[in-house]
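What follows is each chain in one-letter form.
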Amino acid sequence: MGIDRVETGDAELVRRIRAGDIGAYGVLVARYRDRLGRYAVHMIGDREDAEEALQDSFVRAYRSLDRCNDPARFGAWLYGILVNRCRTTGARAARRRRLFVQDAEALNGASHADAMERLEWTDAVERALARLAPEYREAFLLSTSRISSTRRSRS
């Protein structure tokens, strides 16, 4: 006959943290780390960026624990923080991965009569590229880059 270990609830741990028991926060981190870590990897797609978002979420949650209005729902509150951090981290990572190819020769060789039409055309292409998912944008830009270099080698 053994006595089952009773797990301390989130509300009690939050109360202890607010009273100065910093070690209680380690229990909360251990409780939520794996589950929220998996979510962050699925949302962002990159393990390092997901880890950064997760760590940042735990730090932000600790610093703003007084704003957790319902300590019994700490997990849901922390999840909301993580979702926001994943969105921010994912957007930042997407900006870093963007690849824009500027091919002045191709733009100058376009058959537009004046610079204004060329500017409008460039703007329309850039808007269309911005709407593509990052992987499709990269594929399109790489393929157009390859076409441009093939044309140059034939000249």
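Residues numbered from 1 in each chain as written. Predicted model: local features only at pLDDT ≥ 70, side-chain atom pairs only at ≥ 80, totals over all residues. Heavy atoms only, no water.

Student: Teacher, can you tell me more about the packing of aromatic side chains here?
Tutor: What describes a pair of aromatic rings is the distance from one ring centre to the other and the angle between the planes of the rings. Per the stated rule, a full pass over the model turns up 5 aromatic pairs. Pairing Phe 74 with Trp 77 gives two aromatic rings, centres 5.8 Å apart and planes at 50 degrees, and the pair type is tilted. On the criterion of helical spacing, the pair formed by Phe 74 and Trp 77 is a turn pair, its members being 3 residues apart in helix H4 (residues 74-97). You can call Phe 74 buried: its relative accessible area is 0%. An aromatic cluster of at least three residues, connected via ring pairs, comprises Tyr 25, Tyr 32, Tyr 62, Phe 74 and Trp 77. (Phe/Tyr/Trp six-rings, centres within 6.5 Å; stacked < 30°, edge-to-face > 60°. Helix = DSSP H or I, 4+ residues; strand = E, 2+ residues; numbered from the N terminus. Buried < 20%, exposed > 50% of the residue type's maximum accessible area, 1.4 Å probe, protein only.)

Student: I would appreciate a short explanation of helix H3 (residues 47-63) in the present structure.
Tutor: Each α-helix turn comprises 3.6 residues. Residues three or four places apart therefore point the same way. The end-to-end C-alpha separation of H3 is 24 Å, in line with the 24 Å expected for 17 residues at 1.5 Å each. For H3, the side-chain oxygen to backbone nitrogen distance between the N-cap and Glu 48 is 3.3 Å, and the N-cap itself is Asp 46. (Expected span 1.5 Å × (residues − 1). Polar contact = N/O pair within 3.5 Å; in protein donor to acceptor, adjacent residues only side chain to side chain.)

Student: Could you clarify how one ought to interpret the environment of Tyr 32 in this entry?
Tutor: Relative to the elements of secondary structure, Tyr 32 occurs in helix H2 (residues 23-44). In sequence terms Tyr 32 and Gly 75 are 43 residues apart; their C-alpha atoms lie 7.3 Å from each other. Apart from residues no more than four positions distant in its own chain, Tyr 32 is found in contact with Asp 10, Gly 37, Phe 58, Phe 74, Gly 75 and Leu 78. (Contact = heavy atoms within 4.5 Å.)

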